[in-house]
Amino acid sequence: MAGRTQMQVPVVQGVQTTLEGLHAAGIAAEAVWAGILASDLAEAACCFGMNAAKIAWDVHAIQVLHKFQQVCEEGATLVKQDIQAITQTDQGEAQNFQA
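Residues numbered from 1 in each chain as written. Predicted model: local features only at pLDDT ≥ 70, side-chain atom pairs only at ≥ 80, totals over all residues. Heavy atoms only, no water.

## A look at the overall build of the protein chain
Along the backbone of the protein chain there are 1 helix and 0 strands. Residues counted as buried form 1% of the 99 residues belonging to the protein chain. (Helix = DSSP H or I, 4+ residues; strand = E, 2+ residues; numbered from the N terminus. Buried < 20%, exposed > 50% of the residue type's maximum accessible area, 1.4 Å probe, protein only.)

And the structure:
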């Protein structure tokens with residue numbers, strides 16, 4: 001094995017075993033970190049998708065609200081015109097009964 005000492009000194013072998021253990025722990029920690037990073041990226045993508053959906057919904061809701069407002073304004077205008085027509089008709093007919 002490359003990098004492994006051929007010396008049979010217990011202290012050297014103990015240090016080498018410790019370093020190998022730390023190396024393995026580092027690889028495991030890196031795998032955990034990569035998993036956390038992938039999870040964070042997936043969460044960010046999910047949040048982005050949810051935000052995009054919310055924005056689309058809000059835009060749609062605003063468009064519906066504006067359409068409703070436009071219909072209400074048109075309805076109010078027509079009601080005003082009807083009231084004005086009835087008032088003018090009533091005033092015209094009232095003149096027929098004036099002495």
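## Section: the pattern of salt bridges
All chains considered together, the criterion is met by 1 salt bridge. A salt bridge links Lys54 to Asp58; the nearest nitrogen and oxygen atoms lie 3.1 Å apart. Within this pair, Lys54 and its partner Asp58 are both found in helix H1 (residues 10–96), separated by 4 residues, close to a single helical turn. (Salt bridge = Lys/Arg side-chain N within 4 Å of Asp/Glu carboxyl O.)

## Here we look at the state of the cysteines
According to the stated counting rule, one finds 0 disulfides in the structure shown. Take Cys46: it sits in no disulfide, and the sulfur closest to it among the cysteines is that of Cys47, at 5.8 Å. Classification of Cys46 by relative accessible area gives partly exposed; the value is 44%. (Disulfide = S-S within 2.5 Å.)

That's the geometry; what it means functionally is another story.
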